[in-house]
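Given next are the chains, with one letter for each unit.
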Amino acid sequence: MRRMTSRGCLTASLALCAATALAGPPDPLDPMDFMPVDRAEARLGQMLFYDPILSGNRSVSCASCHHPRFATGDGVSLGLGDGGIGLGPDRHADPDNPPEQRIPRNAPPLFNVGHADLKALFADGRIEIDRSRPSGFRTPLEDAMIPGFSGILSAQTMFPVLSPDEMAGHYQENDVSKAVRQGRLTGPGGAWDLIARRVAAVPAYVEMVREAYPWIETPDEIGFTDISNAIAAFMALEWRADDSAFDRHLRGEAPLTGAALEGMALFYGEAGCAACHSGPLLSDHGFHAMAAPQLGPGKAESFETHQRDLGRMRVTGHEADAHAFRTPMLRNVTRTGPWGHAGGHDDLRAFLRDHADPVAGLDAYERQAVLPQVEGLAADWAVMENAEERGAIAAAVTQPAHPLSEADLDALMAFMAALTDEASLSGRLGVPQSVPSGLPVDR
């Protein structure tokens, strides 16, 4: 069947478009599917999110890599956590404590992370809801995972504090990094408990915790899960995105027109985007190999020397999951670059072109990553310069190709712009002027 063009759609009735090329859009986002948020808990979470006290060396906050200035990311392909100074593309190595490597994956955006449809988080889904486990989750900690997290968002929020390259720092640098190196993560004296004790030693935090959780009577009762639950509440409130032009179209308030309407027809029709970007969040929450360029240190164990990233296979052990990564949600997608699990594309239009025809896109890929230079780090392009490694990435693709014309790309880019929710980009509580610890706030 011939695809209906924008001119055809605009000269036909909107109902006819909906019955043909636009048959696929989902129902509107349901407010009841977002986690309820207590304002006092969210305010506590706001302070903790921006406070470097949670990092081993007290130098990195959650906001260092997830900042509203960069649409809840950091504006670079692969970020610098511990050992970095500054924000976004201006972040650079601390000469007195340089990073040992880049963070191996692109910082994911935080829009709509409080939605009930999220059953797995991180690019490889290594944290998943699993009601058969005591904690309710399957995580890298396996059965050592402690109970008390309010949900999967809370459970994932605090794993970065255990990562030496993200927030913990490296062995012998601080008490948290030493605990991580020794495998003491949970329980008294573990890394999470050490962080909780830091927070409990700040009187202003104790007061805020008591307001948010009245059942906590003394500082000694403040646990790591209380910190994590508060940060999850903040993120769920701050970056809920459900009022884009696309959302208003779905609610019947203001139908899309022009190029955005044609782009939606393509998205749910011939371009095949909705095969993976389905449902109200525009994600099937599944894992797909789409030949995204691999760069940086890769995802490897300490004893491995390669720079590849096998994605979901690292979690499942199944070869069929090699190079597969979780389908991202798409609200505010025009603002959340660079794109791809390793941030290989700094041009969304180029990403869409390559993504629609993955094998050809990988073959024709031109470097466009944003990688602040750090002396002494491993070569960033080792995988892309290795024909065998590139071939393995391409061979993993199972999705059919949907080559796009320049007109198609114009329309899809217009539809991507229609997914922007300005209120969520601005946030609800904003960046605080200061935090209770007195440490500097990334602004």
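Asks: Would you take a moment to explain the packing of helix 3 (residues 39-49) against helix 8 (residues 203-212) for this structure?
Replies: The relative placement of two packed helices is expressed as an angle between their axes plus a distance between the axes. Where helix 3 meets helix 8, the closest approach of the two axes is 8 Å, and the angle between their N-to-C directions is 150°. One element, helix 3, and the other, helix 8, form an angle in the roughly antiparallel class. The two elements helix 3 and helix 8 cross, and the hand of that crossing is left-handed. Residue-level contacts link Ala40, Glu41, Arg43, Leu44, Met47 and Leu48 of helix 3 to Tyr205, Met208, Val209, Glu211 and Ala212 of helix 8. Split by residue class, the contact of helix 3 with helix 8 holds eight nonpolar, no polar and three charged.

Asks: What should I look at first to understand the sheet that holds strand 4 (residues 127-129) in this one?
Replies: Remark on secondary structure: sheet strands pair via backbone hydrogen bonds, oriented parallel or antiparallel. Strands sit in the order 3-4-5 across an open sheet of three strands; the sheet is antiparallel. Strand pairing shows two members of the sheet lacking a second neighbour, strand 3 (120-121) and strand 5 (137-138), which therefore form its edges. Relative to strand 5, strand 4 runs antiparallel, the two being bridged by two bridges. Paired with Ile129 across the two strands is Phe137, which belongs to strand 5.

Asks: What is the right way to look at the nonpolar core in this model?
Replies: In globular proteins that are soluble, nonpolar side chains generally tend to be buried together. Ranked by internal contacts, the top residues of the largest apolar core, which has 69 residues, are Phe49, Leu54 and Trp192. Mapped onto this core, the elements with two or more residues apiece are helix 3, helix 4 (152-157), helix 5 (164-168), helix 6 (175-181), helix 7 (191-200), helix 8 and helix 9 (224-238). If sequence neighbours within four positions are ignored, Phe49 has contacts with Ser61, Cys62, Ala63, His66, Leu110, Ile231, Phe234, Met235 and Trp239. Among the nonpolar cores identified, the runner-up in size contains 27 residues, and Phe246, Leu261, Trp339 and Leu404 belong to it.

Asks: Can you walk me through the packing of helix 3 against helix 9 in this structure?
Replies: Between helix 3 and helix 9, the least distance of the axes is 7 Å, while the angle of their chain directions is 100°. Classified by the angle between their axes, helix 3 and helix 9 sit roughly perpendicular to one another. Two secondary-structure elements touch here, helix 3 through Arg39, Glu41, Ala42, Leu44, Gly45, Gln46, Leu48 and Phe49 and helix 9 through Ile227, Asn229, Ala230, Ile231, Ala233, Phe234, Met235 and Leu237. For the contact of helix 3 with helix 9, a count of residues per class yields 11 nonpolar, three polar and two charged.

Asks: Quick question: what am I supposed to make of helix 9 here?
Replies: Side chains that are three or four residues apart share a direction in an α-helix, a result of its 3.6 residues per turn. Here helix 9 contains 15 residues, and its C-alpha end-to-end distance of 21 Å stays within 8% of the 21 Å for a straight helix at 1.5 Å per residue. By the criterion of burial, helix 9 is predominantly enclosed, with 15 of the 15 residues buried.

Asks: I'm lost on helix 7 in this one. Help?
Replies: Taking burial as the measure, the 10 residues of helix 7 include eight buried ones, the bulk of the element. Those residues of helix 7 lying buried are Ala191, Trp192, Leu194, Ile195, Ala196, Arg198, Val199 and Ala200.

Asks: Quick question: what am I supposed to make of the pattern of salt bridges here?
Replies: Side chains that carry opposite charge are capable of pairing whenever their charged atoms lie near each other. By the definition in use, this model includes 24 salt bridges. A salt bridge links Arg102 to Asp380, with the nearest nitrogen and oxygen atoms 3.0 Å apart. Here Arg102 is found in the loop between strand 2 (92-93) and strand 3, whereas its partner Asp380 is found in the loop between helix 14 (358-364) and helix 15 (387-395), with 278 residues between them in sequence. Classification of Arg102 by relative accessible area gives buried; the value is 2%. Here Asp380 falls in the buried class, since its relative accessible area comes to 14%. In the salt-bridge network here, residues are joined through shared partners; they are Arg105, Asp124, Arg126 and Asp309.

Asks: I keep staring at the packing of aromatic side chains and nothing clicks. Help me out?
Replies: Each aromatic ring pair is described using two quantities: the centre-to-centre distance and the angle formed by the ring planes. According to the stated counting rule, one finds 14 aromatic pairs in the structure shown. Summarising the aromatic geometry, the rings of Tyr50 and Phe234 are spaced 6.2 Å apart at their centres and angled 70° between planes, so their arrangement reads as edge-to-face. Placement of the pair is Tyr50 in the loop between helix 3 and strand 1 (84-85) and Phe234 in helix 9, with a sequence separation of 184 residues. As far as burial versus exposure is concerned, Tyr50 and Phe234 are alike and both buried. Ring centres of Phe234 and Trp239 lie 5.3 Å apart, and the angle between their planes is 70°; this geometry places the pair in the edge-to-face category. Grouping residues by exposure puts Phe234 and Trp239 together as buried. Among the aromatic residues, those joined into a cluster by ring pairs are Phe49, Tyr50, Phe234 and Trp239. A cation over an aromatic ring shows up here: Arg126 above the ring of Phe122, its NZ or CZ 3.9 Å from the ring centre. If you follow Arg240 out to its NZ or CZ, it ends over the ring of Phe34, 4.1 Å from the centre.

Each value, and the rule that gives it
- Counting restarts for each chain, with residues numbered from 1 along the sequence as it is written.
- Given that this is a predicted model, residues contribute local features only at a pLDDT of at least 70 and side-chain atom pairs are listed and counted only at 80 or more, while totals for whole chains, interfaces and linings are drawn from all residues.
- The side-chain quantities take in all heavy atoms of the structure and omit both hydrogens and water.
- Axis angles are defined between N-to-C directions and span 0 to 180 degrees, where every axis is a line fitted to C-alpha atoms and, for a helix, only to the segment in contact.
- Per the convention used, a helix needs a DSSP run of H or I reaching at least four residues, while a strand needs a run of E reaching at least two, with both numbered from the N terminus.
- Orientation categories follow fixed angle ranges, with anything under 35 degrees roughly parallel, anything over 145 roughly antiparallel, 65 to 115 roughly perpendicular, and all other angles oblique.
- Note: crossing handedness is left-handed where the near helix turns anticlockwise from the far helix by less than a right angle, and right-handed where it turns clockwise.
- We call two residues in contact whenever any of their non-hydrogen atoms come within 4.5 Å of each other.
- Under the convention adopted here, Pro, Cys and the residues Ala, Val, Leu, Ile, Met, Phe, Trp and Tyr are nonpolar, Asp, Glu, Lys and Arg are charged, and Gly plus all remaining residues are polar.
- For two strands to count as paired, DSSP must find a minimum of two bridges between them.
- Here, nonpolar core refers to any group of buried Ala, Val, Leu, Ile, Met, Phe, Trp, Tyr and Cys residues whose side-chain atoms link them within 4.5 Å.
- Accessibility here uses a 1.4 Å probe with only protein chains present; expressed as a share of the type maximum, an area under 20% marks a residue as buried, one over 50% as exposed, and anything in between as partly exposed.
- Expected helix span is taken as 1.5 Å per residue step, with the number of steps being one fewer than the number of residues.
- In what follows, salt bridge is the name for a side-chain nitrogen of Lys or Arg lying within 4 Å of a carboxyl oxygen of Asp or Glu.
- Note on ring pairs: Phe, Tyr and Trp rings are taken, using the six-membered ring of Trp, and paired if centres are within 6.5 Å. Classes follow the plane angle, with under 30 degrees stacked, over 60 edge-to-face and the rest tilted.
- Criterion for a charge above a ring: Arg CZ or Lys NZ at most 6 Å from the ring centre, at most 35 degrees from the ring normal.

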